[in-house]
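# Notes for the structure review
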Amino acid sequence: MAETSKVRAIVRRLGSFSAVGAVAFVVDVVLFNILSATLVPDSPIAAKTISVAAATTVSWLGSRYVTFRKLRTRSIRSETLLFALTNLVGLLISTGCLFISHYVLDFRSTFADNISGNVVGIGLGNIFRYFAYRYVVFNGPSDRAGQPEPEPENTRSV
């Protein structure tokens, strides 16, 4: 019975992570294409960096208040820092794919930039992000379920 509830919790969390990710994905792709077509047409890396920053904000809000709300054990400052660092790595994965496609392989069309940055890059980045969010950023009590709580340290002298 306990295994069934664990599986349900994992499936719910993955569904919620996917929904939050879908909203962040739309923000990322739409903003990337708007920026690429208007404000920074000659710099897909700058457009991607800005769009990922906006999508990361959406993702943090959804992850903190929806997907991992029951697993928050850190201070908001610590959690935000870890979330930002995790997303910086995700950004490097996404822009790395875009950089290789655009500058190394010389695939310079809008379509190629979208495939490399918004399909391959975001896909790989999201796999990394899920596990980093779950086991590093929001590593709450359910990670320790079934394990005895550590004894509190006695700070008073005897």
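Residues numbered from 1 in each chain as written. Predicted model: local features only at pLDDT ≥ 70, side-chain atom pairs only at ≥ 80, totals over all residues. Heavy atoms only, no water.

### Remarks on the packing of helix α1 (residues 2-37) against helix α4 (residues 110-137)
Where α1 meets α4, the axes come as close as 11 Å, and the angle between the chain directions of the two elements is 145°. Note that α1 runs across α4; the crossing there is right-handed. Listed contacts from α4 to Arg13, Leu14, Phe17, Phe25, Asp28, Val29, Phe32 and Asn33 of α1 are Thr110, Asp113, Asn114, Asn118, Ile122, Asn126, Arg129, Tyr130, Tyr133 and Arg134. Its residues placed into classes, the contact of α1 with α4 shows eight nonpolar, five polar and five charged. (Axes fitted to C-alpha atoms, helices over the stretch in contact; angles between N-to-C directions. Helix = DSSP H or I, 4+ residues; strand = E, 2+ residues; numbered from the N terminus. Left-handed = near helix turned anticlockwise from the far one by under 90°. Contact = heavy atoms within 4.5 Å. Nonpolar A, V, L, I, M, F, W, Y, C, P; charged D, E, K, R; others polar.)

### Considerations on unusual backbone geometry
In most cases, non-glycine residues show a negative phi, while peptide bonds are predominantly trans. If you check the backbone angles, Asp106 has positive phi at about 60° while not being a glycine. As for its placement among the helices and strands, Asp106 is situated in the loop between α3 (76-104) and α4. Accessibility expressed as a relative area gives 49% for Asp106, which makes it partly exposed. (Buried < 20%, exposed > 50% of the residue type's maximum accessible area, 1.4 Å probe, protein only.)

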